[in-house]
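Breakdown of the fold
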Amino acid sequence: MSTNKTKYIFITGGVLSSLGKGISAASIATLLKHSGFKIGILKLDPYINVDPGTMSPLEHGEVFVTKDGAETDLDLGHYERFIDTSLTQNNNFTTGQVYKTVIENERKGKYLGKTIQVVPHIVNEIKERIFLAGQGKDILIVELGGTTGDIEGLPFLETIRQIKHELGKSRVMNIHVTLLPYIKAAGELKTKPTQHSVQELRRIGIAPQMLILRAEQPVPNDLKRKIAYSCDVDEDSVIDAIDAATIYKVPLNFMAQEILKPISKQLELGELKPNMDQWISLVNKIIMPSTEVKIAFVGKYLDLKESYKSLTEALIHAGANLDSRVIIKWVDSEKIEEEGSEKFLQDCDGILVAGGFGERGVEGKIAAIKYARENKIPFLGICLGMQLAIIEFGRNVLGIKDANSVEFDPQTLNPMIYLIDEFIDASGKKQIRTTKSPLGGTLRLGEYECQTLEGSNLRKAYNEAIIYERHRHRYEANPKYREMLEKNGMIITGESNGLIEAVEVKDHPWFLGVQFHPEFTSRLQHPNQSILAFVKASIEHKNK
């Protein structure tokens, strides 16, 4: 049983997935936070995987890493970016984690020999985790992944149904996000999928108090009234969520429809007046900026842009805070391998080489780094991007033609990037990993301290001697080559307990490679400083 007086908003989805439940949840959270409440947010993922860490980005989009090193759903990235806070492993869990815990408890005899069942054991474990995430918060917003009716989602829906009975009506609100499809041939929006989705939810025992309608165009009032009557919700609780010029406009669209009135009424919150002045100013700069800058984004998962979601959003944040539109030119690194760098990069103001795993497309990324270094174009390399910057420098400046990473060639004679056997993880525990370690859970994950070098681009960007950034990688830069690199113009400008965290090139207007993922700490109202400095340098390069 929940002991504090936290109130809970549960957000479910109907008709189909990828409707934008995460953006809806983050938008409501933003409005409530700007109204003065202490907001928590939680994502429930019904898939059986323990976490998305070993799932293909093409399968599940980006893996978002929290401050404490949890590999989580990309929606947690939206939550952090919207409500400007750092979340932890308590803010996301999967069916796999729930069953794993229950089975481990059963093996330890914690259930005193009872038969283990979905109700009550699985449901109670879900409930405990929800209440844990709500501790110390005024309101916890809980998003359930998937679609109403999915078989794997049923234990979660049963938990939500029970929580309402345990806590009472004034502490629980159910919001259902559904699709309102536009049938072009008929020239009208259709309400039947929404009606059927609500019927399915009610059959399970949950009656939503609010509907958010995803649509391509504004929903007429008479259609909202029809939906309100047929789904048994108040008229002012039918909110449309139409396609917006930017996701950061969604909270403002909700505010314009007075979404907080029915929420306040249901949860007895009193009159709410969110202060969104700064948010409105930044959104206006996203939609109508004064200038623009073109950044080459060199990667290999370009079929699904969601796999780089945090990074593309971080570029938007930097652009908004510099009153400039960042135009991303997507460059497939394999195309560079086939056709050369010049064709793809000559019209760009800055070059960004993103992270990734595996050998495919690596030579194209190295060629892009060489082009940026030799042509004095602002460059930012992230994670693998930094490692490849070291390899490129080794090959083309130091003359070590076989310089490589043990990730791509375990037998290389010049492992400028290598695998360390032991390291201290984000929680202070010693981790041991080898090339044979399983992929899940052997990465350096989470937030680590980094000492910055005075006078460097890194120090100037953050204006701090010590910074904290998040990691998600297995391999490290080899310190054996440090002296040779620094003698020839590649300087180590960031370190973490002897590990190389950042490199820069002398006699270059702005060149930075970082082992960490700066995009994970970027928010609209507080952009990441290294990405902001990179975009600023790219604007200056364009204006030369």
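Now for a look at the structure at hand. (Residues numbered from 1 in each chain as written. Predicted model: local features only at pLDDT ≥ 70, side-chain atom pairs only at ≥ 80, totals over all residues. Heavy atoms only, no water.)

**A few points about the pairing of strand β25 (residues 511-514)**
Of the two faces of β25, the one holding F511 and G513 and the one holding L512 and V514 are both buried throughout. Pairing of strand β15 (residues 379-382) with β25, which is carried by 4 bridges, proceeds in the parallel orientation. From the neighbouring strand, F379 faces β25, where its bridge partner is F511. Looking at chain direction, strand β24 (residues 499-505) and β25 are connected through 2 bridges and run antiparallel. Directly across from V503, in β25, lies its bridge partner G513. If you look at the hairpin formed by β24 and β25, you'll find 5 residues sitting between the two strands, and D507 has a positive phi there, around 55°. (Buried < 20%, exposed > 50% of the residue type's maximum accessible area, 1.4 Å probe, protein only. Helix = DSSP H or I, 4+ residues; strand = E, 2+ residues; numbered from the N terminus. Pairing = 2+ DSSP bridges.)

**Observations concerning a nonpolar patch on the surface**
Taken together, the side chains of Y99, I103, V118 and V119 present a nonpolar region at the surface, about 320 Å² in accessible area. Counting only elements with at least two residues in the nonpolar patch, the list comes to α4 (95-107) and α5 (118-134). Mapped onto the fold, V118 is located in helix α5. (Patch = residues over 30% accessible without salt bridge, like charges linked within 9 Å, V, L, I, M, F, W, Y side chains within 5 Å. Areas by Shrake-Rupley, 256 points an atom, 1.4 Å probe, with all protein chains shown as cover. Salt bridge = Lys/Arg side-chain N within 4 Å of Asp/Glu carboxyl O.)

**Examining the nonpolar core**
Counting residues in hydrophobic clusters, the biggest one holds 49 residues, and the most contacted among them are I9, I28, L32, I141, I259 and I263. Take this core: its biggest share by element is 7 residues, from helix α1 (residues 21-33). Setting aside residues no more than four positions away along its own chain, I28 makes contact with I9, I11, I141, I175, I212, F254, I259 and I263. V353, I377, I391 and V505 belong to the second largest nonpolar core, which has 42 residues in total. (Core = buried A, V, L, I, M, F, W, Y, C linked by side-chain atoms within 4.5 Å. Contact = heavy atoms within 4.5 Å.)

**Things to note about the side chain of N457**
Checked against the element boundaries, N457 lands in helix α17 (residues 457-462). Excluding its chain neighbours within four sequence positions, the residues that come into contact with N457 are E504, W510 and F511.

**Side note on the sheet that holds strand β22 (residues 476-477)**
To summarise the sheet geometry, strands pair through backbone hydrogen bonds and adopt either a parallel or an antiparallel arrangement. Taken together, the 3 strands give an open sheet; going across it, the order is β16-β17-β22, and neighbouring strands pair in mixed fashion. Looking along the sheet, the strands with just one partner apiece sit at the ends: β16 (403-405) and β22. Sheet topology note: the strand β17 (residues 414-418)/β22 ladder contains 2 bridges and is antiparallel. In the sheet register, Y418 faces β22, and the bridge partner there is E476.

By themselves, these observations are geometric and do not establish any function.
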